[in-house]
Amino acid sequence: MNIHKNRNSISSVKVIIMSSSLSTSSLFLLSCILLVQMAMGVNPLFHFCSSSNNFTSNGPYETNLNKLMGDLYFKTPPTGFGLGSIGQYQTRASGLALCRGDVSSTDCKSCVVEASGEIRRRCPSNKAAIIWYDNCLLKYSDMDFFGKIDEQNKFHMYNLRNVSNPEYFNTEVKKLLSELSEKAYVSPKLYATGDSKLGESKKLYGLVQCTRDLSSVDCKKCVDGAISELPICCDGKEGGRVVVGSCNVGYEIYPFVNA
Ligand SMILES: *[C@@H]1O[C@H](CO)[C@@H](O)[C@H](O)[C@H]1NC(C)=O
Ligand SMILES: *[C@@H]1O[C@H](CO)[C@@H](O)[C@H](O)[C@H]1NC(C)=O
C-alpha cells in the first residue's frame, strides 16, 4: 500500500511541540500547542531553527554549510544515512540526513534535496537547524553533535481519532513498540517495523528508527525514552508518533510503511 494514500485517509493530525532549541545550554519548553492540518505530499512535518548562533551571509560558515549539503545529497541515498563535517573551528559545519528505513534511494534523495533547500529558507542564517519530513530528517549544527542523543529537538503527533478501549490499546502499543526497540538496536540500520494483532480482526503497525551516529545502546535509550512519552501525547489515540532529533517511534492501525 502506498503511504501517501494511507496518510490522506486521516482527516487531520495534531502536532504538539514539546521542546525546542538546538542550543546545548538550555532546554526550553514551549507552552504553546499548535494545531496543524497535516498536508499531503512533501510538506515538512516540523522544523526548528536554533536560537543561539547566526552566521554571516556568504561567510565561511555558509560556504562550508553549502558544501556539507552537497555531500549529504550524495552520501545519504545509497544507505539511507549520511553524515559529515566541513571546515574547522568556528566555521565548521556538521550535519546528517536520515531517510525512513523503507524509503527507496530515489525518494531518499529527493527528500534530502527538498529538506536542505527548505531548511535554509526557513532558517536562513541559523548555524543550527533541523527539519523532518515523512521520508527523511536533516540536521546541521556548528556543534559536534554526532553520537549524542538529541532529546532537545522533539515533537509529538497523534491521530485525532480515539480508540474505544484505551487501556487494552495502550498496552498493546507499548508491547509492540518495545519489541521493535529490542529488534532495532541490534540491527545494522537501527530500524525496525512490525505488526501485532489487535483482538480478532484488527492489526497494529509500528516503526522505530534511530540516526546511525548513535551507538546501539544509545539508540535503545533514545527509543525507550520516546516510547515512555506516548502516554503524554497519544493516550488512547488510533495513531501516534514521538519524534526526537535522534530517534522516532510511531504506530497506526493501518500499514503506514512499505514492507
Ligand atoms: C539570529 O537571527 C535571528 C533572526 O534574524 C534573530 O532574531 C536572533 O536574535 C539572532 N541571534 C543572535 C544570537 O544574534
Ligand atoms: C477524543 O477524546 C478526547 C478526550 O476525551 C475528546 O476531547 C475528543 O473530542 C475525542 N475525539 C474524537 C475525534 O472523538
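What you are looking at is a predicted structure, and each value in this text was computed from that prediction instead of being measured.

Caption draft 1: How the structure looks around the overall build of the protein. When its secondary structure is counted, the protein shows 6 helices and 11 strands. Considering the protein as a whole, with its 259 residues, one finds that 53% of them fall into the buried category. Carbon and sulfur atoms make up 54% of the accessible area of the protein, which amounts to about 12,100 Å² in all.

Caption draft 2: Structural context of helix α5 (residues 216–228). When the terminal C-alpha atoms of α5 are compared, their 18 Å separation across 13 residues agrees well with the 18 Å that a helix rising 1.5 Å per residue should span. Considered for burial, the residues of α5 that qualify are Asp218, Cys219, Lys220, Cys222, Val223, Ala226 and Ile227. Those residues of α5 that are buried lie in contact with α4 (166–184), β9 (202–210), α6 (230–234), β10 (240–244) and β11 (247–252).

Caption draft 3: Main features of the site of ligand 2. The local shell around ligand 2 consists of Leu160, Asn162 and Lys237. Asn162 is positioned such that a nitrogen or oxygen atom in its side chain is 2.4 Å from an oxygen atom of ligand 2. For ligand 2, whose accessible area on its own is 360 Å², the fraction buried by protein is 25%.

Caption draft 4: A look at the nonpolar core. In this structure, Leu177, Val208, Val223, Leu230, Val249 and Tyr251 are the most contacted members of the largest nonpolar core, which totals 28 residues. Listing elements by their share of this core, those giving two or more residues are α4, β8 (191–198), β9, α5, α6, β10 and β11. With 6 residues, α4 is the largest single contributor of residues to this core. Discounting residues that sit within four places of it in the chain, Leu177 has contacts with Gly206, Leu207, Val208, Ile227, Leu230, Val249, Gly250 and Tyr251. Phe55, Met69, Val112 and Ala115 belong to the second-largest nonpolar core, a separate cluster that totals 23 residues.

Caption draft 5: The arrangement of the packing of α4 against α5 in detail. The interhelical angle for the contact between α4 and α5, taken along N-to-C directions, is 170°, at an axis separation of 10 Å. Here α4 lies roughly antiparallel to α5, going by the angle between them. In this structure, α4 uses Lys174, Leu177, Ser178, Ser181 and Glu182 to contact α5, whose residues at the interface are Lys220, Val223, Asp224 and Ile227. Of the residues that constitute the contact of α4 with α5, the class distribution is 3 nonpolar, 2 polar and 4 charged.

Caption draft 6: A look at α4. Between its first and last C-alpha, α4 extends 26 Å over 19 residues, near the 27 Å set by a 1.5 Å rise per residue. All of the buried residues in α4 are Phe169, Glu172, Val173, Leu176, Leu177, Leu180, Ser181 and Ala184.

Caption draft 7: Expanded view of the pairing of strand β3 (residues 81–86). Relative to strand β4 (residues 93–99), β3 runs antiparallel, the two sharing 6 bridges. Residue pairing across strands places Gly82 opposite Ala97, the latter belonging to β4. From the end of β3 to the start of β4, which pair antiparallel, there are 6 residues, and Gly87 there has a positive phi angle of about 95°.

Caption draft 8: The state of the cysteines, seen in detail. Per the counting criterion, the structure on display carries 6 disulfides. Linked covalently through their sulfurs, Cys111 and Cys136 form a disulfide whose S-S length is 2.1 Å. Taking the torsion about the S-S bond as the criterion, the Cys111 to Cys136 disulfide, at about -85°, is left-handed. Placement of Cys111 in helix α3 (residues 105–122) and of Cys136 in strand β6 (residues 136–141) is noted, with a sequence separation of 25 residues between them. No difference in accessibility class separates Cys111 from Cys136, as the two residues are buried. The partner cysteine of Cys222 in its disulfide is Cys247, sulfur to sulfur 2.2 Å. In this structure the cystine formed by Cys222 and Cys247 twists about its S-S bond by roughly -90°; its chirality is therefore left-handed. Pair noted here: Cys222 is in helix α5 and Cys247 is in strand β11, with a separation of 25 residues, a long-range link. Summarising the burial analysis for this pair, Cys222 and Cys247 share the class buried.

The rules behind these values
Residues numbered from 1 in each chain as written. Chains lettered and ligands numbered in written order. Predicted model: local features only at pLDDT ≥ 70, side-chain atom pairs only at ≥ 80, totals over all residues. Heavy atoms only, no water. Helix = DSSP H or I, 4+ residues; strand = E, 2+ residues; numbered from the N terminus. Buried < 20%, exposed > 50% of the residue type's maximum accessible area, 1.4 Å probe, protein only. Areas by Shrake-Rupley, 256 points an atom, 1.4 Å probe, with all protein chains shown as cover. Expected span 1.5 Å × (residues − 1). Contact = heavy atoms within 4.5 Å. Near = heavy atom within 4 Å. Polar contact = N/O pair within 3.5 Å; in protein donor to acceptor, adjacent residues only side chain to side chain. Core = buried A, V, L, I, M, F, W, Y, C linked by side-chain atoms within 4.5 Å. Axes fitted to C-alpha atoms, helices over the stretch in contact; angles between N-to-C directions. Parallel < 35°, antiparallel > 145°, perpendicular 65-115°, else oblique. Nonpolar A, V, L, I, M, F, W, Y, C, P; charged D, E, K, R; others polar. Pairing = 2+ DSSP bridges. Disulfide = S-S within 2.5 Å.

That is the geometry; function is a separate question.
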